[in-house]
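# Examining the three-dimensional arrangement
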Amino acid sequence: MKDGTLKVAVVGAGFMGTMHARVFSQLYGVEVIAIADPDPARCEAVKAFIPGIQCFSDYQDMLTLEGLDIVSICTKDDFHLAPALAAARAGKHIFLEKPIAAALADGEAIVGAAHAAGVKLGIGFLLRFDPRYSRARDIIEAGEAGEISHIAARRNSPAIEGPARYGGSLPLPLHVTVHDVDMVLWLLHRTKPVSVYAQTTNKRLGHLGTEDAVFAIIRFADGAVVNLESAWALPAGSRTLLDAKMEILTTAGLFEIECGESGLYHASETANRYIDTQHWPLSQGEIKGDLREELMAFISDIRSNRTTVATGEEANEALRITLAIMASARTGQVVAV
């Protein structure tokens, strides 16, 4: 860090990599200096938002840039390990999009490398920065609602979203369900999951090698039960690109977190849909919402040497439970965790 400015480079110039680059470039005291992607056209496209950014086809070359402080990794799940290890060896702080990896051994290696290098490692579970979820957790943590008895959550989207973007290369549970798994573990951090049972269906998207939907039941050691539903096979004409909701039943209350109806609805001659006001809405030329709050928090963590974003250890626990969901769906058996 020179003159108080943190310099950031991004690995991966796809949808999320571009979003990270844009958000970081909008933050005070932060400069986005480079982005790496094997596809030069995707790198060049980022220059429309950040004209002075340097483009690299190999992230290893990018890591040698003078004064680089932070590396934000936005590759596909199973390509997280190599750039994360390289960034740690280079002594750079790491922000890594969820999930931490596609294999638990990879996630553990990433955490170990960050600790060995003495660098910050933050994982992109942006729901923690949605005030609806975080405020519910605050009330529960304050003891005002009793103990959690049951959580039911859904996170569904049309096939024109995830499947169209990733072509079946990312499993539904690792891309979608893991969000709610992390949130549930965050809410129930004083107890531990003990078993998982899951089922899937793939009548529409099976030809892509992915699921239409996954349904999971997680039981915790204190008796709490969690039901999770994730799908990305909704029709293109769905009123929202994200139909998400969480209900938290406690011994002294009930919380309902509704994310589907965003508060901004647009109808035209050809379409009608709720527009995102939560994750990364574009407002007055800047990206706002959860993603911005999360990346600002990571910058603050580095400056103040604290931890507010999801840690690597927490991300590995979310990965472990999500992989158990996938194993249960394959075998049809309850999986002890």
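For the structure itself, consult the block above.
Right, let's walk through the structure included here. (Residues numbered from 1 in each chain as written. Predicted model: local features only at pLDDT ≥ 70, side-chain atom pairs only at ≥ 80, totals over all residues. Heavy atoms only, no water.)

## Things to note about the nonpolar core
Of all hydrophobic cores here, the largest spans 78 residues; its most connected members are Met62, Ile100, Ile151, Leu228, Met246, Ile248 and Ile325. Examining the composition of this core, we find that 10 residues originate from one element, helix α8 (residues 172-187), more than from any other. If near-sequence neighbours (up to four positions away) are discounted, isoleucine 325 is found in contact with Thr177, Val181, Val196, Ala198, Val214, Ala216, Ile218 and Leu228. Judged by nonpolar contacts, the second largest core, of 30 residues, contains Ile70, Cys74, Leu126 and Ile302. (Core = buried A, V, L, I, M, F, W, Y, C linked by side-chain atoms within 4.5 Å. Buried < 20%, exposed > 50% of the residue type's maximum accessible area, 1.4 Å probe, protein only. Helix = DSSP H or I, 4+ residues; strand = E, 2+ residues; numbered from the N terminus. Contact = heavy atoms within 4.5 Å.)

## A word on a nonpolar patch on the surface
A cluster of nonpolar side chains, contributed by Tyr197, Ile217 and Val334, occupies part of the molecular surface with about 260 Å² of accessible area. Summarising the element assignment, isoleucine 217 is placed in strand β9 (residues 213-220). Overall, isoleucine 217 belongs to the partly exposed group, its relative accessible area being 38%. (Patch = residues over 30% accessible without salt bridge, like charges linked within 9 Å, V, L, I, M, F, W, Y side chains within 5 Å. Areas by Shrake-Rupley, 256 points an atom, 1.4 Å probe, with all protein chains shown as cover. Salt bridge = Lys/Arg side-chain N within 4 Å of Asp/Glu carboxyl O.)

## Details of the packing of helix α4 (residues 81-89) against helix α5 (residues 104-117)
Two numbers describe how α4 lies on α5: the axes approach to 9 Å, and their chain directions differ by 10°. For the element pair α4 / α5, the angle class is roughly parallel. For the pair α4 and α5, contact is made by Leu81, Ala84, Leu85 and Ala88 and by Asp106, Ala109, Ile110, Ala113, Ala114 and Ala117, respectively. (Axes fitted to C-alpha atoms, helices over the stretch in contact; angles between N-to-C directions. Parallel < 35°, antiparallel > 145°, perpendicular 65-115°, else oblique.)

## A word on the environment of glutamine 284
In this fold, glutamine 284 is placed in the loop between β15 (282-283) and β16 (286-287). The spacing of glutamine 284 and glutamate 161 is 123 residues in sequence and 24 Å in space, taken between C-alpha atoms.

## Focus: the pattern of salt bridges
Side chains bearing opposite charge may pair, as long as their charged atoms lie close to each other. Taken as a whole and judged by the stated rule, the model has 12 salt bridges. Between arginine 320 and glutamate 317 there is a salt bridge; the shortest N-O distance is 2.9 Å. You can see arginine 320 and its partner glutamate 317 sitting in helix α10 (residues 312-331), 3 residues apart, about one turn around the helix. Members of the salt-bridge network, linked through shared partners, are Arg128, Asp182 and Glu314.

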